[in-house]
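Inside the fold
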Amino acid sequence: NGVVWGFTGVGSAVGPDCIKHPLTIPGGTRQSPINIQWRDSVYDPFLKPLKISYDPATCLHIWNNGYSFLVEFDDSTDRSIIDGGPLENQYRLKQFHFHWGAINDWGSEHTVDCKFYPAELHLVHWNAVVYPTFEEAVMEGNGLAVIGVFLKLGAHHEGLQTLVDALPAVKHKDTVIEFDVFDPSCLIPSCPDYWTYAGSLTTPPLTESVTWIIKKQPIQVDENQLEAFRMLLFTSDGEEEKRMVDNFRPLQPLMNRTVRSSFQ
Ligand SMILES: NS(=O)(=O)c1ccc(S(=O)(=O)c2ccccc2)s1
Ligand SMILES: [Zn+2]
């Protein structure tokens, strides 16, 4: 089947050749995504503003990996980094990608007061101060920091359009095109407010290594831009076409976690 990782209704992820995988890793205590119940989040006055400094020249290419499309960056130096916020160290930008639905009623991975957004952006960073490689950081509790940004239906997004214009070239799984100048900070809302909690990757290996930083304010994109995501395919060229939609993981139990907010 063309879909490497799909999620069936209840309790199991369908993996390669339909091997049954547990939806959450056995014994997982900090899985993602979660519902963020606004009134249960706790204001933490010690949370710092998030510092973001990306060098557009570190952008490398766009890649359809059969689950989402990833924009990958040169993470061999500290040219594109985030710091501050809930983080103890600075973290290097590795890639960003999106999750979206078949229709505008759902698509995001996190929800706010049980509300889905039509899509969610994830900017993935790793702790190169403490860990020598990304692969090692993926396995450590403080290894990764992912900024989540909700997308809502509204005005045309100029910055996103340069990305949308390139998508037809990565329609099929395992296609890649060069994309050599892009500043992802244009996709991050100006409002500094965020929630943060300790979580996991939302796709295999589902490791519990992510400090999530979820921006309170969504960005606006228009219908054509969301439709452009939906014309991508999970499948490789020559296979029976499966549209790349609903590539989000179901909500996971909060368990013994508190979501902190940087705002009152
Ligand atoms: N949706 S998410 O932001 O939680 C996410 C899933 C996978 C990644 S990864 O690209 O870092 C990665 C990590 C390990 C192996 C392969 C890819 S980030
Ligand atoms: Zn993601």
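Data block above holds the structure.
Anyway, here's the lowdown on the structure attached to this text. (Residues numbered from 1 in each chain as written. Chains lettered and ligands numbered in written order. Predicted model: local features only at pLDDT ≥ 70, side-chain atom pairs only at ≥ 80, totals over all residues. Heavy atoms only, no water.)

**Focus on the overall build of the protein**
Each helix and strand counted, the protein has 3 helices and 18 strands in total. For 264 residues, the compact-globule formula gives about 18 Å, and the C-alpha radius of gyration of the protein, at 17 Å, lands near that figure. Taken over the C-alpha atoms alone, the protein extends approximately 55 × 40 × 40 Å along its principal axes. Looking at the protein residue by residue over its 264 residues, the buried ones come to 53%. (Helix = DSSP H or I, 4+ residues; strand = E, 2+ residues; numbered from the N terminus. Rg over C-alpha atoms; globule rule 2.2 N^0.38 Å. Buried < 20%, exposed > 50% of the residue type's maximum accessible area, 1.4 Å probe, protein only.)

**Description of the nonpolar core**
Residues Phe69, Phe96, Phe98, Trp100, Leu123, Leu163 and Phe229 are the most contacted members of the largest nonpolar core, which totals 43 residues. Among the elements of the structure, β7 (59–64), β8 (69–73), β10 (91–100), β12 (119–126), β13 (144–153), α2 (158–164), β17 (219–221) and α3 (223–230) are those that each provide at least two residues to this core. No other element matches the 5 residues that β10 contributes to this core. Those residues within four positions of leucine 123 in sequence are excluded, and the remaining contacts are Tyr54, Leu93, Gln95, Phe96, Ala145, Val146, Ile147, Val149, Pro184 and Ile188. With 21 residues, the next largest nonpolar core counts Tyr131, Ala137, Trp212 and Ile214 among its residues. (Core = buried A, V, L, I, M, F, W, Y, C linked by side-chain atoms within 4.5 Å. Contact = heavy atoms within 4.5 Å.)

**Focus on the side chain of histidine 97**
Locating histidine 97 in the fold gives a position in strand β10. Side chain to side chain, histidine 97 and histidine 99 meet in a polar contact 3.2 Å long. Not counting the four nearest positions on each side in its chain, histidine 97 is found in contact with Ser68, Phe69, Leu70, Glu120, Leu121, His122 and Val124. (Polar contact = N/O pair within 3.5 Å; in protein donor to acceptor, adjacent residues only side chain to side chain.)

**Side note on the state of the cysteines**
Tallying each qualifying case throughout the model produces 0 disulfides. Residue cysteine 59 stays outside any disulfide, its sulfur separated by 11 Å from that of cysteine 186, the closest cysteine. With no disulfide of its own, cysteine 191 has cysteine 186 as its nearest cysteine by sulfur position, at a separation of 17 Å. Its relative accessible area of 18% is what places cysteine 191 among the buried residues. (Disulfide = S-S within 2.5 Å.)

**Description of the coordination of the zinc ion (ligand 2)**
The reference angle at a metal is 109.5 degrees if four donors form a tetrahedron and 90 or 180 degrees if six donors form an octahedron. Around the zinc ion (ligand 2), the protein supplies His97 (NE2), His99 (NE2) and His122 (ND1) as donor atoms, at distances of 2.0 Å. For the zinc ion (ligand 2), the 4 donor atoms in the first shell make angles of 98 to 116° at the metal, so the coordination geometry reads as tetrahedral. Of note, the zinc ion (ligand 2) draws all its donor residues from one chain, in the sequence arrangement H-x1-H-x22-H. Using a relative accessible area of 11% as the deciding quantity, one classes histidine 97 as buried. The class of histidine 99 is buried, set by a relative accessible area of 1%. (Donors = N, O, S within 2.8 Å, 3.2 Å for Na, K, Ca; no water. Tetrahedral: all angles 85-135°; square planar, octahedral: opposite > 155°, others 65-115°.)

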